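This is what each chain is made of:
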Amino acid sequence: MDTTQLRTRTTTQTVKDCPPFKSVRRNPLHFHFITDAVANQILSSLFQSWMVPSLQVSFYDADKLKSEVSWIPNKHYSGIYGLMKLTLTKALPPDLSKIIVLDTDITFATDIAELWGVFRKFTDKQVIGLVENQSDWYLGNLWKNHKPWPALGRGFNTGVILLYLERLRQIKWEQMWRLTAEKELMNMLSTSLADQDIFNAFIKQDPVLVHQLPCFWNVQLSDHTRSELCYTDVSDLKVIHWNSPKKLRVKNKHVEFFRNLYLTFLEYDGNLLRRELFGCWSQACLESIQLQKALEDLDEDDQCYDFRRERITIHRVHLYFLQYEYTLTENDVTLVAQLSMDRLQMLEAICKHWEGPISLALYMSDAEAQQFLRYAQASEVLKNRNNVGYHIVYKEGQFYPVNLLRNVALKNANTPYVFLTDVDFLPMYGLYEYLRKSVVQLDMTGTRKALVVPAFETLRYRLSFPKSKAELLSMLDMGTLYTFRYHVWPKGHAPSNYAKWRTSTTPYKVDWEPDFEPYVVVKRDCPEYDQRFVGFGWNKVSHIIELDAQEYDLVVLPNAFMIHMPHAPSFDISKFRSSTSYRNCLNTLKDEFHQDLSRKYGSGALKYLTAQRNI
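What you are looking at is a predicted structure, and each value in this text was computed from that prediction instead of being measured. (Residues numbered from 1 in each chain as written. Predicted model: local features only at pLDDT ≥ 70, side-chain atom pairs only at ≥ 80, totals over all residues. Heavy atoms only, no water.)

A few words now on the overall build of the protein. Scanning the protein from terminus to terminus reveals 21 helices and 24 strands. With 615 residues in all, the protein has 57% of them scored as buried. Within the protein, contacts between residues separated by at least 24 positions form 78% of all contacts whose residues are at least 6 apart in sequence. Roughly 27100 Å² of accessible area belongs to the protein as shown, and the carbon and sulfur atoms make up 50% of that amount. (Helix = DSSP H or I, 4+ residues; strand = E, 2+ residues; numbered from the N terminus. Buried < 20%, exposed > 50% of the residue type's maximum accessible area, 1.4 Å probe, protein only. Contact = heavy atoms within 4.5 Å. Areas by Shrake-Rupley, 256 points an atom, 1.4 Å probe, with all protein chains shown as cover.)

Read from one edge to the other, the open sheet built from three strands follows the order 6-11-10, with strand pairing classed as mixed. In the strand order of this sheet, the two ends are held by strand 6 (106-108) and strand 10 (219-220), each with one partner. Each of strand 6 and strand 11 (239-241) touches helix 8 (residues 255-267); the most contacted strand, strand 6, lies at about 80° to it. (Pairing = 2+ DSSP bridges. Axes fitted to C-alpha atoms, helices over the stretch in contact; angles between N-to-C directions.)

Quick look at the pattern of salt bridges now. This model, assessed by the stated rule, comprises 27 salt bridges. Among the ionic pairs, Lys-90 bridges to Glu-68, the shortest N-O distance being 2.6 Å. You can see Lys-90 sitting in helix 3 (residues 88-91) and its partner Glu-68 sitting in helix 2 (residues 66-69), a full 22 residues away along the chain. The exposure class assigned to Lys-90 is partly exposed, which follows from its relative accessible area of 45%. Note on Glu-68: relative accessible area 13%, which makes it buried. Residues Arg-178 and Glu-68 are paired through a salt bridge, measuring 2.7 Å at the closest nitrogen-oxygen approach. Taken together, the residues Arg-178 in helix 6 (residues 173-188) and Glu-68 in helix 2 connect sequence positions 110 residues apart. (Salt bridge = Lys/Arg side-chain N within 4 Å of Asp/Glu carboxyl O.)

To continue, consider the sheet that holds strand 17 (residues 425-427). Strand order in the open sheet formed by four strands is 17-24-19-20, with mixed pairing between adjacent strands. Across the chains shown, the open sheet's two edge strands, defined by having one partner strand only, are strand 17 and strand 20 (482-483). Of the pairings in the sheet, the one linking strand 19 (residues 455-457) to strand 24 (residues 562-564) comprises three bridges and is parallel in character. From the neighbouring strand, Phe-456 faces strand 24, where its bridge partner is Ile-563.

This brings us to the side chain of Asn-539. Positionally, Asn-539 belongs in the loop between strand 22 (519-523) and helix 18 (541-549). Within polar-contact distance, the side chain of Asn-539 engages the side chain of Arg-406 at 2.8 Å. Beyond its immediate sequence surroundings of up to four residues, Asn-539 is in contact with Val-402, Asn-403, Arg-406, Tyr-529 and Phe-533. (Polar contact = N/O pair within 3.5 Å; in protein donor to acceptor, adjacent residues only side chain to side chain.)

Here the focus is the environment of Arg-406. Here Arg-406 shows up in helix 14 (residues 402-411). C-alpha separation for the pair Arg-406 and Ser-359, spaced 47 residues apart in sequence, amounts to 9.5 Å. Other than its neighbours up to four places away in sequence, Arg-406 contacts Val-336, Gln-338, Asp-422, Tyr-529, Asn-539 and Lys-540.

With that out of the way, let us pick up the state of the cysteines. Scanning all chains against the criterion turns up one disulfide. The disulfide that involves Cys-304 links it to Cys-585, with 2.0 Å between the sulfurs. Separated by 281 residues along the polypeptide, Cys-304 in the loop between helix 9 (283-297) and helix 10 (305-312) and Cys-585 in helix 20 (residues 580-601) bring together distant segments of the chain. (Disulfide = S-S within 2.5 Å.)

It is worth spelling out helix 8 at this point. Taking 1.5 Å of rise per residue, the 13 residues of helix 8 would be expected to cover 18 Å, and the 18 Å separating its terminal C-alpha atoms lies within 8% of that figure. For helix 8, the set of buried residues is Val-255, Phe-258, Arg-259, Leu-261 and Phe-265. All buried residues of helix 8 project into a common sector of 160° when viewed along the axis, lining one side. In this fold, the buried residues of helix 8 make contact with strand 6 and strand 11. (Expected span 1.5 Å × (residues − 1). Arc of directions from axis to C-beta.)

Take a look at the structure:
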């Protein structure tokens, strides 16, 4: 069964169904997405990583279709994408005979196969199936001088459409809808409800072409709706259509039930969608089989079994969870970090300290992702920042996949340079502009450099943040601030040479040393993080080793700093401290990392293994 979706960055319209998000589905599905480039990236990643069984996905370039409808003046908030349904006979493959077309503000409460079965009720002449419009819009009596497009009675709502493409092509649909639109636009001047106006004008000319669907297939929760006449009990519902601009805030006596049903879908554990429903034929199913084989090849008696299992786990990913807008600027720098729900409170502070673009990977359950959405929408700071890319990586397994998260955030940065940091650090005020100037002054374009931003820490939850290097040094001398982890892990940052930094006014080069893990600015095409390291331990150290193996110069910036803010220990560091097997396994992973490094970089990589053994 085929469904289609139209997608834009800010407005989503569909020709798709929501049953993959409900366990009642019993049939294979094929999605057809008509998208712009951004939506293609997001949805491709989503379907590839979610691995929903018995689901096929195809994409079509919306930019190639815009000229078909861009000539139509349209007042609807969906813009040009609200007219795309008119192009489906041209956009979709010629051998595709029937499709279900749905808006994305649809919630299914039944198996979509029931709706597909309605095609069998079409007469030989019927080409389109629609539910009657449940407001008085097309009756023209909503306000004085209200003049809607022509429609048959109350007209029809195009949020749910059964399209018989084969028959539409036979009656030359492309020419017919154009002639209809041109004729009506001479009087109406523009559409108010986008494609719906043109569909209705077309149907009024030839009513025999429409098959009227029972209204429970499109219960419309719009303003002035008569949707309550569609059902005697909410259990009768099959499709709920949130077609008011108010969406979940619309007024209806059963809106609480509808809202809870919708939110239940959103907070549903998406990992359950990976269960195979029937015969294995989809790409997701084949990938699942490969993953299962890889799991079976692991030795369960290996003390590192859980670590190795985590490395091959495919986490579900939703890129750009919230709206993101960025215009490429020369020599720009993106702050790259990762976090889980317990660090969410740091986001507002980071946004106040860093005005440039940010790429964040958030490790959350489906329910936590919805909590984050509500948090972001309620935050005056976050909702005014469109240059922050939020990428959800959904929870699975027992470890925090820190380097997977870093790689997701790194790969989805859109600037030439990236500042690789952690979310519990606040950058100094003005660091963004300082780094942009530094990458130019230090010729980052033509050389391999990693610019080190010296790290400090405070043990105070309330800190008067230093506004300059001089103020920071004063606080350092008074004991309000410390060099980062000087008391528990000095070799992690001591090679930055804090003594030299105090008096330095120009950048200076430092050598790599064992266990060095500074926070750095590098070109976006730097090596990725090694994903064998999960939880706590060596996740940044291994990355700095890789940079050094590729002959990056480590250059400390004299007028840059960042401060670590206090927080409770993570679950993974607690496991590291309490579990001997955890620490032993980490040593095993280190040895394997060194072996891989030697194979990759030859004898030059031996210095890292020698240094490690001398510790």
